[in-house]
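Take a look at the letters that make up each chain.
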Amino acid sequence: MNGTSTEDQDRPVVAVANRLPVHHGDNGWELSPGGLVTALRPVMATHPGAWVGWDGGTKGLPPTLPDSGVRLVPIGLSAAQVRNYYHGFANATLWPLLHNAIEKPRFERAWWYAYRDVNAIFGERAAAALDEQPDAIAWVHDYQLMLVPQLIRERRGGQPTGFFLHVPWPSPDIFARLPWREQILTGLLGADVVAFHTDEYRANFLRSCARLLRDDDIEVRGDSVVLADGRAVTTATAPISIDAAEFTQHAIEPETDNDIRLLAEQFRDRTLLLGVDRLDYTKGIIERLLAVEMLLERNPGFRTSLSFLQIAVPSRDDVREYRQLRSTVEQHVGRINGLYTEPGSDVPVHYLYRGLSQQQLAAYYALADALLVTPLIDGMNLVCKEYVTVQNARGGSGVLLLSEFTGAADELPQAVHCNPFDVEGLSYRIEYALGLTADTRRAAIGPMAAHVRDHDVYRWVSDQLAEITKAAAAVSRLPADRAASPCRACGGGAPCPGHWPAAAGRPRARRAPGWRTPRR
Ligand code: ADQ
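Before going into details, it helps to say that this report is about the structure given with it. Quantities reported herein were computed from a predicted structural model and do not represent experimental measurements. (Residues numbered from 1 in each chain as written. Predicted model: local features only at pLDDT ≥ 70, side-chain atom pairs only at ≥ 80, totals over all residues. Heavy atoms only, no water.)

## Structural notes on the overall build of the chain
The line we're drawing: Runs of E in the DSSP output that reach at least two residues are strands. Runs of H or I that reach at least four are helices, and both are numbered from the N terminus. For every residue, the accessible area obtained with a 1.4 Å probe (protein chains only) is divided by the maximum for its type, and the residue is called buried under 20%, exposed over 50%, and partly exposed between those limits. Should any heavy atoms of two residues lie within 4.5 Å, those residues are counted as being in contact. Under the convention used here, a 1.4 Å probe and the Shrake-Rupley method define accessible areas, while residue burial counts only the protein chains that appear.
Scanning the chain from terminus to terminus reveals 21 helices and 17 strands. Sorting the 520 residues of the chain into buried and exposed places 57% on the buried side. Here the contacts in the chain between residues at least 6 apart in sequence split such that 75% fall between residues at least 24 apart. With an accessible surface of roughly 20,600 Å², the chain has 49% of that area assigned to carbon and sulfur atoms.

## Section: unusual backbone geometry
At Asp-217, a residue that is not glycine, the phi angle is positive and equals roughly 65 degrees. Relative to the elements of secondary structure, Asp-217 occurs in the loop between helix H8 (199-212) and strand E9 (219-221). Judged by relative accessible area, Asp-217 falls into the exposed class, the value being 60%.

## A short note on the environment of Asp-456
To keep things clear, this is the line we draw: Polar contact is the term for a pair of N or O atoms within 3.5 Å; when the atoms are in protein, one must be able to donate a hydrogen and the other to accept it, and sequence-neighboring residues count only if both atoms are side-chain atoms.
For Asp-456, the position within the fold is in the loop between helix H18 (438-454) and helix H19 (457-476). Sequence separation of Asp-456 and Lys-385 is 71 residues, and the distance between their C-alpha atoms is 9.6 Å. The residues touching Asp-456, leaving out its near neighbours within four places in the chain, are Ser-241, Ile-242 and Ala-244. Engagement of the side chain of Asp-456 in a polar contact is seen with the backbone nitrogen of Arg-459, the distance being 3.1 Å.

## A look at the sheet that holds strand E13 (residues 306-313)
As a reminder of what qualifies: By definition, two strands form a pair when at least two bridges between them are found by DSSP. In this description, a line fitted to the C-alpha atoms serves as the axis of each element, helices being fitted only across the stretch in contact, and the angle between N-to-C directions of two axes falls anywhere from 0 to 180 degrees.
Spatially, the six strands line up as an open sheet ordered E14-E13-E12-E15-E16-E17, and their pairing is parallel. Every other strand in the sheet has two partners, leaving strand E14 (349-353) and strand E17 (416-418) as the edge strands with one partner each. Ignoring strand direction, the axes of neighbouring strands in this sheet form an average angle of 20 degrees. Of the pairings in the sheet, the one linking strand E12 (residues 271-278) to strand E15 (residues 370-373) comprises two bridges and is parallel in character. Following the sheet pairing, Leu-273 is matched in E15 by Ala-370.

## Quick notes on the packing of aromatic side chains
To be explicit about the condition: Side-chain rings of Phe, Tyr and Trp, where Trp is taken by its six-membered ring, are said to pair if the distance between their centres is within 6.5 Å; with planes under 30 degrees apart they count as stacked, over 60 as edge-to-face, and otherwise as tilted.
Applying the stated criterion across every chain yields a total of 19 aromatic pairs. Pairing Trp-112 with Trp-180 gives two aromatic rings, centres 5.6 Å apart and planes at 10 degrees, and the pair type is stacked. Of the two residues, Trp-112 is situated in helix H4 (residues 109-132) and Trp-180 in the loop between helix H6 (172-175) and helix H7 (181-188); the sequence distance between them amounts to 68 residues. Owing to a relative accessible area of 6%, Trp-180 belongs among the buried residues under this scheme. An angle of 50 degrees between the planes, with centres 6.4 Å apart, marks the rings of Phe-247 and Tyr-365 as tilted. Pair noted here: Phe-247 is in helix H9 (residues 244-252) and Tyr-365 is in helix H14 (residues 358-367), with a separation of 118 residues, a long-range link.

## With respect to the site of the ligand
What counts is decided by this rule: Definition of nearness: a residue and a molecule or strand are near each other if at least one heavy atom of the residue lies within 4 Å of the molecule or strand. Three categories are distinguished: nonpolar for Ala, Val, Leu, Ile, Met, Phe, Trp, Tyr, Cys and Pro, charged for Asp, Glu, Lys and Arg, and polar for the others, with Gly belonging to the last.
Surrounding the ligand, one finds 23 residues, the nearest of these being His-166, Leu-356, Asp-378, Met-380 and Glu-386. In isolation the ligand exposes 710 Å². Once the protein is present, 94% of that is buried. The set of elements that each furnish at least two residues to the shell around the ligand consists of E12, E13, H14 and helix H15 (383-393). The element that contributes the greatest number of residues to the shell around the ligand is E12, accounting for three residues. Residue composition of the shell around the ligand, grouped by class: eleven nonpolar, six polar and six charged.

## What about the pairing of strand E11 (residues 232-237)?
Successive residues of a regular strand alternate their side chains across the two faces of the sheet. Where strand E8 (residues 193-196) meets E11, four bridges bridge the pair, whose relative direction is parallel. The residue bridging Val-194 from the neighbouring strand is Thr-235, located in E11. Bridge count between strand E10 (residues 224-226) and E11: three bridges; the pairing is antiparallel. Looking across to E11, one finds that Ser-224 is bridged to Thr-234.

## Some remarks on the sheet that holds strand E7 (residues 161-164)
Strands pair in a sheet through their backbones, by hydrogen bonds, and they do so in one of two ways: parallel or antiparallel. The strand order across the open sheet built from nine strands is E5-E4-E1-E6-E7-E8-E11-E10-E9, with neighbouring strands paired in mixed fashion. Each end of this open sheet is capped by a strand with a single partner; those strands are strand E5 (71-75) and E9. Within the sheet, the average angular offset between the axes of one strand and its neighbour, ignoring direction, is 20 degrees. Pairing geometry for strand E4 (residues 49-54) and E5, over five bridges, is parallel. Its bridge partner being in E5, Trp-54 is matched across the sheet by Ile-75. Set on the sheet, helix H5 (residues 148-155) makes contact with strand E1 (13-19), strand E6 (137-141) and E7; between it and E6 the angle comes to about 155 degrees. Each of E8, E9, E10 and E11 touches H8; the most contacted strand, E11, lies at about 155 degrees to it.

## What about the pairing of E12?
The element E12 is largely enclosed, with a buried count of six among its eight residues. The pairing of E12 with E13 spans eight bridges and is parallel. Residue pairing across strands places Thr-271 opposite Leu-306, the latter belonging to E13.

## Describing H5
With six of eight residues buried, H5 lies mostly within the body of the structure. Residues of H5 that are buried include every one of Val-148, Pro-149, Gln-150, Leu-151, Ile-152 and Arg-153, and no others.

## Section: H8
In plain terms, the rule: Helix span, as expected, comes to 1.5 Å for every residue beyond the first.
Across its 14 residues, H8 extends 20 Å between first and last C-alpha, which sits within 8% of the 20 Å expected from 1.5 Å per residue. Along its buried surface, H8 packs onto H6, H7, E8, E9, E10 and E11.

Limitation: the analysis is restricted to geometry and does not speak to function.
Have a look at this one:
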């Protein structure tokens, strides 16, 4: 797609995402950090509309986003809903499942019922917000809300609706393990466009539909899924990006220069390797630490001439697996430093467990000789795009090590690609990257930064909105009786999420014996 028309640009957007993008900071209500907020900020800046999301238990929210006319539509959830929908189904069932089941997904019926209930609340609130802005585009985000597109369609017939998945879609063999797989697919197919970061995720989704909905009379035709009623759902590949201009600005502002001076003093005479991640088991932080350990073991000289700094932003620390990960990371940091700190010298491994501002991150990106982006699997990964942008803005000669299991690897072929599961191989890849000449590294950073600049998040937003408008217009040209996509329980076609299983009454959301996968 080549951008939107002026008409699309002015069209309101009702964004529907798990969390509202605000928190109470030092200066009052502020935009929250994080990948999704970073990505959607341009929508808020350029489009009027509303943002529907969970209030996170915060009271007294402002009516609009800071410095914008975008209306906030807060959804309150009970403690049980947060436990079962958010920590349970979203983060302990779907998150690991969609990340290739690298941690075992847990399947609990009570969590599924809560997910269905909470999605119904989101669907209702989104539809109400759309009633107030009938010319708006509905844009639903991510794995927490996969039933919402169909719920919006039931409530508001021809509503132009897009869905974007920020995480991977696994092979059908893995997705097929989910006991509620048909309901999730049917929920997503309520959208006009279902979009993914890469062609691979999109192909996996199409194959999942073909395999798991074959009894529902659907047909995968090219990149579209044609439903029993003739409505075609478009799929799209749309790699998300960053606000490259903003990071370029951070790279060169005076505050960043000050920070760089202080950090350069701290890491004087050392080569700096950097890792920046949400503390998540998908990010490969343990494997990275073990690779650094091997590097130090093999090269005694590095123990006094190299530092590895891991910056980890706290994440989901009320989920058991995440608490365990934090403690394992901290044990490795302590163990490696215990083994390889030379008397009279600084430790080789540094660790920050906190969130930083983009400007502060820019100073670390600017100083780091190498950035280690080594997820075991990652939908896209924005950190690597931020790094090449900052390095390029400052004429740096840093080198990017990038896991081949990130969405970004498709877009950044000039990076030093690596397999993070091969810890020894990773340690050699780091050594190889450090041995590259400054000219070779600059020759790689330049084109990567140019790609990120030309494919920034503004272009992503505008392409997505144009795609949704176009696909919805094609549906509206269908005869009225075929555009509505009725559910089997409501009268023909596939069962909709609200009516699955069609005749069953709603069971109480409590743990049913025999349905719980044992904890590992
Ligand atoms: P995340 O898993 O959160 O996002 P990522 O794409 O790397 O992963 O985005 C992280 C964002 O948080 C970056 O903008 C980064 O600057 C910021 N961040 C990281 N550490 C920080 C720290 N210590 N302090 C402050 N900010 C920090 C999900 C998917 C990704 C996908 C994004 C967007 O898992 O694959 O790229 O959504 O779609």
